[in-house]
Amino acid sequence: MSDYSIHILEYCYLNEIPNAALNYGRHNTGMAKLPFCYILLRGKDSVALVDVGHNNSEQMAKFITDFDIRNWRTPQEVLSPFGIKPEDVQHVFLTHAHFDHMGGLALFPNAKFYIQEKELSNWIWTMTLDRRFRWLMGSIDTSDVLKAVELARDGRLLLLKGRADDILPGIDLVPAFDTHSAGSQYVVIRNDGQANSSDTWVMAGDLIYQFSNLDGGDEKDPYYHPIGIANGSQEKLIFAMHDLVEAANGDRTRVIPAHEARLSERFPTREESNGLKIIELAVADCHQSMVMA
Ligand SMILES: [Zn+2]
């Protein structure tokens, strides 16, 4: 019994990022390719996303060049295998405001967006600081922050002050303050709808980038190895990682890092002709698999 179909949708990739950015302190260990994704949650009569990726607009051009981002595809194209249009997306749970998670706000014209109040207000505060603090603004496109405020004015952005259970039936939003960003949050899907679910999936946002963050690359004697990019503290990140695993009933494999290039090794996957992957985590009772024949 599954209430939601859950699919990770690649929409572009970052060609090369140092492993040290993904695993704190692992210098001189080479580079990795980083897929950029958003996550589709389809219920019986709801369509939701976790994050919206980024827009390929002119103001994003600097990020696209600086980060060497390739093979960007429109949400029309990314969603088309599901027979869904961007206009059909009703809810978007924003894990945080970095450009590759919140830069696509304008691409989903009918959606209602949910973000932690601390995430948005902290970025506005950061924007007011002297130029010498600009490292803090890495991965933030200020026009996304302005767009979010516009959406708030228009009644399409909900600012959450802490945990929000059953934001949709069986879906909880949980903050992890002062970690990757000031108001990062993760999404817990109790896919049997039970309060004490035994079928829980956890969408980690950027609290982890890869499986290796949860086991340190040591599956036999795992430890938490934090990501290399945090405006908050590594200690808070480590305890947030433990919370992710606890939320998944102790099952690390149910905690999903959307930037992990190896998701397709663990879960049924189909690769589209445009080179992008669709990774299937769960199929609701009312849907069919997108991967299995
Ligand atoms: Zn991020």
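Everything here concerns the structure above.
Everything quoted here is computed from the prediction, not taken from an experiment.

Definitions and cut-offs
Residues numbered from 1 in each chain as written. Predicted model: local features only at pLDDT ≥ 70, side-chain atom pairs only at ≥ 80, totals over all residues. Heavy atoms only, no water. Helix = DSSP H or I, 4+ residues; strand = E, 2+ residues; numbered from the N terminus. Rg over C-alpha atoms; globule rule 2.2 N^0.38 Å. Contact = heavy atoms within 4.5 Å. Areas by Shrake-Rupley, 256 points an atom, 1.4 Å probe, with all protein chains shown as cover. Lys, Arg positive; Asp, Glu negative; His and termini not counted. Charge placed at Lys NZ, Arg CZ, Asp CG, Glu CD. Donors = N, O, S within 2.8 Å, 3.2 Å for Na, K, Ca; no water. Tetrahedral: all angles 85-135°; square planar, octahedral: opposite > 155°, others 65-115°. Buried < 20%, exposed > 50% of the residue type's maximum accessible area, 1.4 Å probe, protein only. Pairing = 2+ DSSP bridges. Phe/Tyr/Trp six-rings, centres within 6.5 Å; stacked < 30°, edge-to-face > 60°. Core = buried A, V, L, I, M, F, W, Y, C linked by side-chain atoms within 4.5 Å. Axes fitted to C-alpha atoms, helices over the stretch in contact; angles between N-to-C directions. Polar contact = N/O pair within 3.5 Å; in protein donor to acceptor, adjacent residues only side chain to side chain. 1 Å grid on protein atoms, 1.4 Å probe; cavity = no way out; pocket = protein on both sides within 12 Å on 5 of 7 lines; lining within 4 Å. Points joined across faces, edges and corners; volume = space filled by probe spheres on them. Nonpolar A, V, L, I, M, F, W, Y, C, P; charged D, E, K, R; others polar. Expected span 1.5 Å × (residues − 1). Arc of directions from axis to C-beta.

1. As for the overall build of the protein
- Looking only at helices and strands, one finds nine helices and 14 strands in the protein.
- Here the protein has a C-alpha radius of gyration of 18 Å; the compact-globule value for 293 residues is 19 Å, and the two agree.
- In terms of overall dimensions, the protein has C-alpha extents of about 55 × 50 × 40 Å along its principal axes.
- Residue pairs in contact within the protein that sit at least 24 positions apart in sequence constitute 64% of those at least 6 positions apart.
- Entry remark: accessible area of the protein is about 13,000 Å², with carbon and sulfur atoms responsible for 49%.
- Of the charged side chains in the protein, 27 are positive and 40 negative, and the gap between their average positions amounts to 3 Å.

2. Here's the deal with the coordination of the zinc ion
- Donor atoms from the polypeptide that coordinate the zinc ion comprise His96 (NE2), His98 (ND1), His180 (NE2) and Asp206 (OD), at 2.2 to 2.3 Å from the metal.
- Taken together, the four donor atoms coordinating the zinc ion span angles of 83 to 173° at the metal, a pattern that classifies the geometry as irregular.
- The sequence motif formed by the donor residues of the zinc ion is H-x1-H-x81-H-x25-D. Remark: Asp206 occurs in the loop between β11 (200-203) and α7 (212-215) and His180 occurs in the loop between β9 (171-177) and β10 (183-190); sequence separation between them is 26 residues.
- Judged by its relative accessible area of 1%, His180 is buried.
- Look at Asp206 and you get buried, because its relative accessible area is 4%.

3. Considering the pairing of strand β8 (residues 164-168)
- Relative to β9, β8 runs antiparallel, the two being bridged by two bridges. What sits directly across from Ala164, in β9, is Leu173.
- Between β8 and β9, which pair antiparallel one after the other, the connecting turn spans two residues, and Gly170 there sits at a positive phi close to 85°.

4. What to know about the packing of aromatic side chains
- Inspection of every chain in the model, using the stated rule, returns nine aromatic pairs.
- An angle of 50° between the planes, with centres 6.3 Å apart, marks the rings of Tyr11 and Phe36 as tilted. Residue Tyr11 is found in strand β1 (residues 5-18), and its partner Phe36 is found in strand β2 (residues 31-42); the two are separated by 25 residues along the sequence. Neither Tyr11 nor Phe36 differs from the other in exposure class; each is buried.
- Here Phe63 and Phe67 contribute two aromatic rings whose centre-to-centre distance is 6.2 Å and whose plane-to-plane angle is 5°, an arrangement assigned as stacked.

5. Regarding the nonpolar core
- Counting 65 residues, the largest nonpolar core has Leu94, Phe113 and Val255 as the members making the most contacts within it.
- Beyond its immediate stretch of four places on either side in the chain, Phe113 contacts Val52, Val92, Leu94, Leu105, Phe108, Leu151, Arg156, Leu157 and Leu158.
- Judged by nonpolar contacts, the second largest core, of 27 residues, contains Ile6, Val187, Ile189 and Ile279.

6. Thoughts on the sheet that holds β8
- The strand order across the open sheet built from five strands is β8-β9-β10-β11-β12, with neighbouring strands paired in mixed fashion. Strand pairing shows two members of the sheet lacking a second neighbour, β8 and β12 (255-256), which therefore form its edges.
- Helix α8 (residues 234-247) contacts β9, β10, β11 and β12 of the sheet and is inclined by roughly 10° relative to β10.

7. Comments concerning the side chain of Thr95
- Here Thr95 shows up in the loop between β5 (91-93) and α4 (99-102).
- Take Thr95: its relative accessible area is 1%, and that puts it in the buried class.
- Among the polar contacts listed, one links the side chain of Thr95 to the side chain of His96, at a separation of 2.9 Å.
- Residues within four places of Thr95 in sequence aside, it is in contact with Val50, Asp51, His101, Gly183, Ser184, Gln185 and Gly205.

8. Side note on empty space enclosed by the protein
- Using the criterion set out here, one finds one cavity of 30 Å³ or more in the structure.
- Reported here for the largest cavity is a volume of approximately 50 Å³.
- Lining the largest cavity we find Cys37, Tyr38, Ile39, Val50, Asp51, His101, Met203, Ala204, Gly205, Asp206, Ile256 and Ala258.
- In the lining of the largest cavity, the residues fall into eight nonpolar, two polar and two charged.

9. Topic: the environment of Val92
- Inspection of the secondary structure puts Val92 in strand β5.
- Judged by relative accessible area, Val92 falls into the buried class, the value being 0%.
- Residues Val92 and Tyr38, 54 residues apart in the sequence, show an inter-C-alpha distance of 10.0 Å.
- Discounting residues that sit within four places of it in the chain, Val92 has contacts with Leu49, Asp51, Val52, Ala111, Lys112, Phe113 and Tyr114.

10. Considering α8
- The end-to-end C-alpha separation of α8 is 20 Å, in line with the 20 Å expected for 14 residues at 1.5 Å each.
- Of the residues making up α8, those classed as buried are Gln234, Leu237, Ala240, Met241, Leu244 and Val245. Take α8 and look down its axis: the buried residues cluster within an arc of 145°, on one side only. The outward face of α8, more than 90 degrees from its buried face, is lined by the exposed residues Glu235 and Phe239.
- Where the residues of α8 are buried, they touch β9, β10, β11, α7 and β12.
- N-capping of α8 is provided by Ser233, with a side-chain oxygen placed 3.4 Å from the backbone N of Glu235.
- Downstream of α8 by one or two residues, Asn249 has phi in the positive range, about 55°.

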